[in-house]
Amino acid sequence: MAKIDLTKYGITGTTEIVYNPSYETLFEEETKPELEGFEKGQVSELGAVNVMTGIYTGRSPKDKYIVMDENSKDTVWWTSDEYKNDNHPATQEAWNAVKDLAKKELSNKKLFVVDAFCGANKDTRMAIRFIVEVAWQAHFVTNMFIQPTAEELENFEPDFVVYNASKAKVENYKELGLNSETAVMFNITSREQVIVNTWYGGEMKKGMFSMMNYYLPLKGIASMHCSANTDLNGENTAIFFGLSGTGKTTLSTDPKRLLIGDDEHGWDDNGVFNFEGGCYAKVINLDKESEPDIYNAIKRNALLENVTLDAEGKIDFADKSVTENTRVSYPINHIENIVRPVSSAPAAKEVIFLSADAFGVLPPVSILTPEQTQYYFLSGFTAKLAGTERGITEPTPTFSACFGQAFLELHPTKYAEELVKRMEKSGAKAYLVNTGWNGTGKRISIKDTRGIIDAILDGSILKAPTKKIPFFNFEVPTELPGVDPAILDPRDTYADAAEWETKAKDLAARFVKNFAKYEGNAAGKALVAAGPQA
Ligand SMILES: Nc1ncnc2c1ncn2[C@@H]1O[C@H](COP(=O)(O)OP(=O)(O)O)[C@@H](O)[C@H]1O
Ligand SMILES: C=C(OP(=O)(O)O)C(=O)O
Ligand SMILES: [Mn+2]
């Protein structure tokens with residue numbers, strides 16, 4: 001085992017280090033009877049431990065900061081009045097203060113240190129050291145990141161260090177120019193992240209994703225907020241972009257296919273590879289029959305978050321009293337059909353944009369032209385669903401560039417450029433799939449969406465008869481095997497098609513307005529014609 005010296009990080013007086021604990025140790029630590037409050041885990045009927053993550057049950061993008069320094073100044077895509085995003089600049093002083101706070105919080109106590117990788121490709125992976133004081137946080141990162149072998153652990157040299165001081169608070173945040181007592185801060189130069197006053201595990205997971213989104217595209221590698229799977233021969237790879245709640249995890253977990261990963265991937269000359277070693281699935285209203293693979297992954301070693309259990313550990317998946325963003329993290333090998341031993345597969349042939357349209361305008365599937373592909377990727381239209389971000393309590397329409405704006409550290413056009421480059425090389429086709437609402441006022445069923453995905457993946461969609469949808473000029477199939485034909489043209493789902501038209505005009509105008517920010521250069525301007533015409 002690597003010798004861990006935390007004093008070099010300014011953490012002193014450590015009484016004990018629990019290093020890369022086994023599941024047995026994690027289980028014992030997170031269920032110790034003397035634990036209190038949000039540190040205490042409860043064993044559920046399925047064998048997985050459930051924890052409560054405290055006040056924060058989703059990410060807190062308003063508290064995300066990056067230190068502005070010589071390295072980051074001209075590379076990071078900073079928030080601006082013209083184009084607001086979540087990359088808020090922090091001063092070096094604010095960083096020093098918040099890091100001191102974390103060091104103090106983490107000193108003089110027992111700690112958990114987890115060394116793990118982010119990125120399945122050995123050439124470009126990051127070696128990350130997580131320093132945390134809460135046992136279940138160590139469990140979370142153990143589930144979500146790639147576990148080093150014993151040999152890799154011998155010589156583990158971190159490229160990046162994460163300090164999780166979730167019990168501390170930034171009391172003087174105003175003085176430091178910060179937003180609240182909570183801080184999720186990155187230093188690209190020293191390669192560190194500090195987390196203060198939020199216990200939500202997603203900050204560590206999506207934090208490292210944000211860093212991959214910074215480093216990889218600068219090396220000419222696509223870095224993508226998508227799930228990925230491939231056929232049983234590991235040949236026909238598909239990627240599924242989408243904002244939280246649009247179906248990346250649900251739809252990529254498919255018993256007919258091998259899972260590569262459920263949320264974060266890179267695409268380089270060798271193909272598509274996972275950044276993670278685990279999955280993070282939503283469990284609100286989880287149904288054993290419609291999502292058996294996810295249900296069966298909830299067992300010993302999986303970690304439930306914010307789920308309601310009774311005193312006996314019986315689970316109520318329907319309960320949203322804590323949050324709608326109830327979750328389970330599990331190592332990817334809890335899913336039977338996965339690519340082994342390394343989560344990677346050849347270049348993608350199908351690129352699917354998942355959009356949960358709360359307006360009920362978008363067709364359940366549209367076949368995109370190359371220009372539409374770029375336009376809709378940059379637009380990233382979808383609805384934010386309740387729970388994953390603080391303050392979002394109902395489906396809220398949004399344009400989230402590249403279907404993951406909250407995690408982009410460079411300008412969106414950089415991600416579009418890398419994606420297009422890879423797609424052209426592999427001859428991939430793109431589809432826009434609405435997993436949200438239509439004229440019935442209900443969400444499109446998972447069964448119909450799965451039928452659509454099957455038709456994309458087996459190529460039958462390209463043989464189907466099609467028609468064009470006005471305003472958007474989308475080509476849509478009029479029939480697909482296993483899909484209710486009455487939903488394929490969204491106008492048919494309205495009692496009066498004029499109602500669709502009114503909404504469609506409104507949505508088209510929103511697209512036009514949103515896209516104005518890309519029209520500053522010739523490449524952006526050239527894409528306007530591919531967008532909706534209001
Ligand atoms: N048509 C649909 N397609 C995909 N998911 C759907 C659909 N209708 C409802 N859902 C629900 O939406 C949620 C999708 O969440 P998830 O797959 O975790 O999204 P992501 O991984 O993109 O955050 C799940 O709770 C799923 O049951
Ligand atoms: C964990 C998250 O991802 P997703 O909902 O996309 O699975 C998140 O956005 O915090
Ligand atoms: Mn997911």
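Note that this is a predicted model, so its numbers are computed, not measured.

(A) Looking closely at the site of ligand 2. Among the 13 residues in the neighbourhood of ligand 2, the closest are listed as Arg59, Lys206, Ser244, Lys248 and Arg327. One of the side-chain N or O atoms of Ser244 is found 2.4 Å from an oxygen atom in ligand 2. When ligand 2 sits alone it has 300 Å² of accessible area, and the protein chains cover 98% of it. Tallied by class, the residues present in the shell around ligand 2 amount to three nonpolar, three polar and seven charged. When we break the shell around ligand 2 down by domain, the ones giving at least three residues each are domain 1 (7-33 + 60-219) and domain 2 (222-277 + 342-529).

(B) Molecular detail of the packing of aromatic side chains. If you walk through the whole model with that rule in mind, you get 33 aromatic pairs. When the centroid spacing of 6.3 Å and the interplanar angle of 35 degrees are considered together, the rings of Trp136 and Trp199 count as tilted. Of this pair, Trp136 sits in helix H4 (residues 135-144) while Trp199 sits in the loop between strand E10 (192-196) and helix H6 (202-218); the two residues are 63 residues apart in sequence, bridging distant segments of the chain. Take Trp136 and Trp199: they sit in the same class, and that class is buried. Each ring, one from Phe472 and one from Phe511, has its centre 6.1 Å from the other, and the planes form 80 degrees; the classification is edge-to-face. Remark: Phe511 occurs in helix H12 (residues 497-515) and Phe472 occurs in the loop between strand E28 (466-469) and strand E29 (474-477); sequence separation between them is 39 residues. Each member of the pair Phe472 and Phe511 is classed as buried. Grouping aromatic residues by their ring pairs yields a cluster made of Trp77, Tyr83, Phe359, Tyr375, Tyr376, Phe381, Phe399, Phe472, Phe474, Phe511, Phe515 and Tyr518. For Arg327, the ring lying beneath its charged end belongs to Tyr280, and the centroid distance is 4.6 Å. In this structure, Arg443 packs its charged tip against the face of Trp437, placed 5.6 Å from the ring centre.

(C) Molecular detail of the environment of Asn333. Its place among the elements puts Asn333 in the loop between strand E21 (327-331) and strand E22 (344-345). Linking Asn333 and Leu507, residues 174 residues apart in sequence, is a C-alpha distance of 41 Å. In this view, Asn333 contacts Ile338 and Arg340; residues no more than four positions away in its chain are not counted.

(D) Quick peek at the sheet that holds strand E6 (residues 110-118). Reading across from one edge, E1-E6-E7-E8-E10-E9-E4-E5 is the order of the eight strands in this open sheet, with mixed pairing throughout. Across the chains shown, the open sheet's two edge strands, defined by having one partner strand only, are strand E1 (16-19) and strand E5 (88-90). This sheet shows a mean twist of 25 degrees between the axes of neighbouring strands, independent of strand direction. Two strands pair when backbone bridges link them, and E1 and E6 are joined in this way by four bridges, in the parallel orientation. Directly across from Glu16, in E6, lies its bridge partner Lys110.

(E) Inspection of the domain arrangement of the protein at higher detail. Domains assigned within the protein are domain 1 (7-33 + 60-219) and domain 2 (222-277 + 342-529). Of note, the centres of domain 1 and domain 2, computed from C-alpha atoms alone, are 31 Å apart. Facing 34 residues of domain 1, the contacting portion of domain 2 comprises 31 residues. Of all residues in domain 1, Trp77, Tyr83 and Phe209 bury the most surface against domain 2, accounting for 24% of the area lost on that side. For the pair domain 1 and domain 2, the interface holds five salt bridges. Linking Glu409 and Lys64 is a salt bridge whose minimum nitrogen-to-oxygen distance equals 2.7 Å. For the pair domain 1 and domain 2, the number of links is 19 residue pairs in polar contact (both at pLDDT 80 or more).

(F) Structural view of the sheet that holds strand E3 (residues 49-51). The strand order across the open sheet formed by five strands is E2-E3-E18-E21-E17, and the pairing between neighbours is mixed. Strands with a single pairing partner mark the edges of an open sheet, and in this sheet they are strand E2 (42-43) and strand E17 (278-282).

(G) How the structure looks around the pattern of salt bridges. For the coordinates displayed, the defined rule picks out 30 salt bridges. Lys205 is the salt-bridge partner of Glu264, the closest N and O atoms lying 3.1 Å from each other. With Glu264 in the loop between strand E14 (258-261) and strand E15 (265-268) and Lys205 in helix H6, this residue pair connects regions lying 59 residues apart in the sequence. Classification of Glu264 by relative accessible area gives buried; the value is 1%.

The rules behind each value
Residues numbered from 1 in each chain as written. Chains lettered and ligands numbered in written order. Predicted model: local features only at pLDDT ≥ 70, side-chain atom pairs only at ≥ 80, totals over all residues. Heavy atoms only, no water. Near = heavy atom within 4 Å. Polar contact = N/O pair within 3.5 Å; in protein donor to acceptor, adjacent residues only side chain to side chain. Areas by Shrake-Rupley, 256 points an atom, 1.4 Å probe, with all protein chains shown as cover. Nonpolar A, V, L, I, M, F, W, Y, C, P; charged D, E, K, R; others polar. Domains from an automatic or database assignment. Phe/Tyr/Trp six-rings, centres within 6.5 Å; stacked < 30°, edge-to-face > 60°. Helix = DSSP H or I, 4+ residues; strand = E, 2+ residues; numbered from the N terminus. Buried < 20%, exposed > 50% of the residue type's maximum accessible area, 1.4 Å probe, protein only. Lys NZ or Arg CZ within 6 Å of the ring centre and 35° of its normal. Contact = heavy atoms within 4.5 Å. Pairing = 2+ DSSP bridges. Axes fitted to C-alpha atoms, helices over the stretch in contact; angles between N-to-C directions. Buried area = accessible area lost by both parts, 1.4 Å probe. Salt bridge = Lys/Arg side-chain N within 4 Å of Asp/Glu carboxyl O.

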